[in-house]
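# Examination of the molecular architecture
Spelled out from the first residue to the last, the chains are:
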Amino acid sequence: MTEHRSDPQLTDAGLLRHFLTIDGLSRQHLTDILNLADSFLNVEDRTIKKVPLLRGKTVATLFFENSTRTRTTFDLASKRLSADLIHININTSSTAKGETLIDTLRNLEAMAVDMFVVRHGASGAAHFIANKVSPGIGIINAGDGCHSHPTQAMLDMYTIRHFKKQFTGLKVAIVGDIMHSRVARSQIHALSCMGVTDLRLVGPQTLLPKKGHLWPATLFTNVEEGITDCDVVILLRLQKERMVAGLIPNEHEYFRYYGMTKERMLHAKPDAILMHPGPINRGVEIDSRVADGKQSVILDQTHYGIAIRMAILSSVMDTQVKTRQSRRIGYEH
Amino acid sequence: MDQDLDSDFTPTHNQPTKVLTVKDGLFLNGRLLNPNGIGTDNVGSLTVKNGVIQQWQPGRSIASNAPVAKHDQIIDLQGQWLTPHFFDIGAQLREPGFEHKGTLTSESNAAFAGGFQGIAMLPDTSPVMDSPAVVGLIQERAKHLSLKVWPMAAMTLGLNGTQLSEMFALKAAGCIAITQSRRPLSNNRLALRCLEYIATTGLKVLFYSEDHELAGDGCAHEGPIADRLGLSGIPECAETTAIARDLLMVERTGVTAHFGHLSSARSLELIEDAQQKGLPVTADVALTHLIYDERALLNFNPQYHLRPPLRSNFDRKALLDGVNRGAISISIGHQPQDIASKTAPFSESEAGMSLYDVHISMAKLLIEAEQLNPLAWVKALTTLPAHFLNQTSVGLNIGDQAAFNVISDEVWTPNRQSCCSLGGNIPGFKQSTIGRLSYRVSA
């Protein structure tokens with residue numbers, strides 16, 4: 001008695017029409033993006049750091065939430081693909097004056113934008129926009145509520161593949177506020193899709209999913225047990241709102257029992273890598289000696305973020321251009 | 001684009017329901033679904049003489065053999081269903097204050113088209129129905145409607161949960177029950193005082209029990225789907241702890257209470273335990289919660305943003321079982337919304353569906369799937385809610401006025417021409433569906 005509809009981010013041929021979530025994508029989809037990102041990694045070494053794949057196309061970043069690194073890496077990715085880029089500053093836009101999201105979108109569509117990169121505080125906002133937008137316009141989810149942050153997960157997969165070469169057999173722990181993390185949700189889907197079978201979610205009970213909610217992972221409330229023998233340890237940012245909501249007492253207690261210290265990292269494998277989507281809270285979820293230590297690949301993640309976002313932007317644009325062409329051919333016949 | 005939200009919105013005041021006036025007629029081969037009177041559930045012929053039901057004769061008949069000379073009208077129903085008219089507790093009719101979502105005329109016409117004879121209306125209008133003046137205004141407007149609208153008054157002034165409304169005066173003005181609707185009344189002391197005061201008035205109470213602190217900013221059932229979608233969850237205990245509190249206060253004060261829109265199996269258990277103890281309580285489940293479960297939220301379709309939230313398939317089946325056993329009634333949960341209220345990301349959209357126009361076809365889906373017993377369905381829309389509404393004559397009996405529904409398996413498409421509700425949130429809009437009220441018979 002429940003309706004199930006087709007995946008809004010894929011065409012009938014299985015091509016990426018939008019990039020909204022990892023959930024529902026195949027291993028081939030993810031691998032294709034990782035491989036394409038490989039080819040973009042050396043663009044920055046060129047004298048002119050540009051390729052013409054998005055020349056003449058307009059990309060609009062539509063950020064309803066603050067962001068520094070995600071927005072910056074999308075900017076750089078768009079510019080390196082030669083796109084024309086516009087930023088919509090939501091704080092001074094019509095939305096702040098009461099215009100609905102759908103009206104904002106319609107107005108931007110009228111300006112012949114080819115692709116929107118959207119960040120919004122409501123889970124499902126990117127799906128909502130993708131369902132409402134005119135055909136031929138691509139939507140890239142740059143984070144929606146607690147739901148999904150698929151480009152972050154893809155750059156994390158790229159980082160893991162770079163350092164560990166393969167996913168099969170890896171033990172991966174995600175530590176922190178899993179419940180409210182769009183990054184964690186996307187990582188769980190991506191890791192599971194890439195073949196990681198030993199996935200652990202670690203945190204106090206208040207920040208973990210409820211038992212029996214069918215996650216492809218094992219839950220741990222003890223951090224040492226959770227990261228034991230892991231190849232990859234991923235930390236999540238702890239937001240101050242969680243204290244106000246009564247989910248944890250304070251930052252001090254969190255750091256004492258869940259913060260990643262050099263001593264705790266000894267429970268993981270000696271060659272384990274330590275990741276964090278940033279921005280990091282030193283002294284809350286991570287000790288400075290670990291953040292700046294040899295096992296940390298946090299800056300590599302940021303670096304790979306540009307190539308990954310170039311790969312995603314160009315893949316989606318490619319599908320949209322093909323769709324428009326086929327529609328045009330259809331009209332001509 | 002979402003298919004089931006009405007993006008082609010043109011307000012109309014449709015009244016397409018056919019009413020067949022019969023003074024002297026013979027209805028052959030009708031399936032009579034009548035839980036409280038003649039027939040119960042079998043096929044036969046119903047004779048109307050001088051506008052009253054004269055005879056029920058079980059068995060199939062051949063229309064050409066009917067005694068034409070004896071009747072003005074002979075109608076071969078060919079297996080169409082005959083049911084008493086329905087009742088509904090807890091409709092949002094939106095007028096006064098929210099006429100862009102629905103009006104007394106449009107929504108009561110929709111209920112009329114859905115086979116209802118009376119509906120009890122919630123007080124969350126603007127101004128709130130918390131004074132005899134507002135009740136009087138609604139009653140005045142309701143005089144011209146096609147069915148009976150009973151006002152239910154606000155438990156607290158402005159539904160703000162801080163000061164008791166004038167309940168004696170509201171009763172004198174014609175209110176049949178008191179409710180806080182879905183607004184918070186978290187002050188336990190005030191809640192108890194309200195019920196004690198209501199007990200002195202003799203009015204009944206309608207609860208939509210929910211602990212608002214536990215529900216927080218949630219918009220979906222706290223379960224695997226909300227987890228997966230990153231939607232803020234409303235735990236089952238937001239409902240069960242509130243029901244437990246309200247039941248204890250009912251026990252202490254002795255008020256007669258109805259618990260609307262149960263959403264979980266555990267809530268049903270609590271109500272049935274209380275009934276076994278002899279407490280004067282009844283309950284209902286919204287039609288939506290018998291049809292959909294939390295999985296409907298995949299893809300974030302705001303149409304399925306409901307309050308209480310759609311819970312697990314286990315809960316849905318337990319509530320269906322409750323209806324099939326005759327333990328709880330069905331309320332339609334009619335909540336018309338304008339298009340803009342539903343054209344937003346899931347958590348930012350307004351809750352509710354507009355259902356009066358399509359409730360029969362939705363129930364037919366469950367009946368066809370053999371999940372809902374048709375006789376139990378009719379009982380849940382007639383005998384059970386009628387008890388709360390103080391209506392004694394609900395079944396079809398010999399000597400009653402001929403007033404009943406004829407329901408067919410017609411294939412039809414809900415759209416602006418075929419529906420009466422102004423709501424832009426009619427499920428299955430512009431999609432073909434099966435089953436609707438064929439016509440109403442009136443003397």
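All right, on to the interface of chain A and chain B then. At the junction of the two partners, chain A supplies 30 residues and chain B supplies 32 residues. In total, about 2600 Å² of surface goes out of reach between chain A and chain B, with carbon and sulfur atoms giving 52% of it. In this assembly, chain A and chain B are joined by 1 salt bridge. Salt-bridge contacts for A:Asp23 lead to B:Arg228; the nearest nitrogen and oxygen are separated by 2.6 Å. Where chain A touches chain B, the interface holds 4 residue pairs in polar contact (both at pLDDT 80 or more). For the side of chain A that touches chain B, the secondary-structure elements that each account for two or more residues are helix H3 (101-109), helix H4 (125-132) and helix H6 (182-194) of chain A. In terms of residue count, H4(A) provides more of the side of chain A that touches chain B than any other element does, 5 residues in total.

This part covers helix H12 (residues 359-368) of chain B. Three or four residues apart is the spacing at which side chains of an α-helix point the same way, because the helix has 3.6 residues per turn. Residues and elements named next belong to chain B. Burial of H12 is extensive: 8 of the 10 residues sit out of reach of the surface. Within H12 the residues assigned to the buried category are His359, Ile360, Ser361, Met362, Ala363, Lys364, Leu366 and Ile367. Just past H12, the residue Glu370 takes up positive phi, approximately 60°.

A separate point is unusual backbone geometry. All names here are of chain B. For the bond from Ser126 to Pro127, the omega torsion is 5°, close enough to zero to count as cis. Going from Arg307 to Pro308, the amide bond is cis rather than trans, its omega being -5°. Its place among the elements puts Pro308 in the loop between helix H9 (288-291) and helix H10 (313-324). The backbone of Asn50 shows a phi angle near 55°, a positive value even though the residue is not glycine. For Asn50, a relative accessible area of 69% gives the class exposed.

What follows concerns the nonpolar core. Residues B:Phe259 and B:Trp377 are the most contacted members of the largest nonpolar core, which totals 100 residues. At 6 residues, the largest contribution of residues to this core is made by helix H4 (residues 188-201) of chain B. Each of two domains, domain 1 (19-82 + 398-442) and domain 2 (86-388) of chain B, supplies a minimum of three residues to this core. Residue contacts for B:Phe259: discarding those within four places in its chain leaves B:Phe207, B:Ser209, B:Ile243, B:Asp246, B:Leu247, B:Val250, B:Ile271, B:Val281, B:Thr282, B:Ala283 and B:Asp284. One finds A:Ala142, A:Tyr158, A:Val196 and A:Val297 within the second-largest nonpolar core, a separate group that totals 63 residues.

The rules behind the values
The residue numbers shown here count from 1 along each chain, following its written sequence. Chain letters start at A and ligand numbers start at 1, both assigned in the order the entries are written. Predicted model: local features are reported for residues with pLDDT of at least 70 only, side-chain atom pairs are reported and counted for 80 or more only, and whole-chain, interface and lining totals are derived from all residues. No hydrogens and no water enter the side-chain calculation; it runs on all heavy atoms of the structure. Any two residues having at least one pair of non-hydrogen atoms within 4.5 Å are treated as being in contact. Buried area is calculated as the accessible area (1.4 Å probe) missing from two parts once they are joined, with the contributions of both summed. In the sections that follow, a salt bridge refers to a side-chain nitrogen of Lys or Arg positioned within 4 Å of a carboxyl oxygen of Asp or Glu. Polar contact is defined as a pair of N or O atoms within 3.5 Å, subject to the rule that within protein one atom must be able to donate a hydrogen and the other to accept it, and that residues adjacent in sequence are counted only when both atoms are side-chain atoms. We count a stretch as a helix when DSSP gives it H or I for four or more residues in a row; a strand needs E for two or more, and each element gets its number in order from the N terminus. To sort residues, take the accessible area from a 1.4 Å probe on protein chains only and compare it with the maximum for the residue type: under 20% means buried, over 50% means exposed, and anything in between is partly exposed. Put simply, a nonpolar core is a bunch of buried Ala, Val, Leu, Ile, Met, Phe, Trp, Tyr and Cys residues held in one set by side-chain atoms that sit within 4.5 Å of each other. An automatic or database domain assignment is the source of the domain bounds shown.

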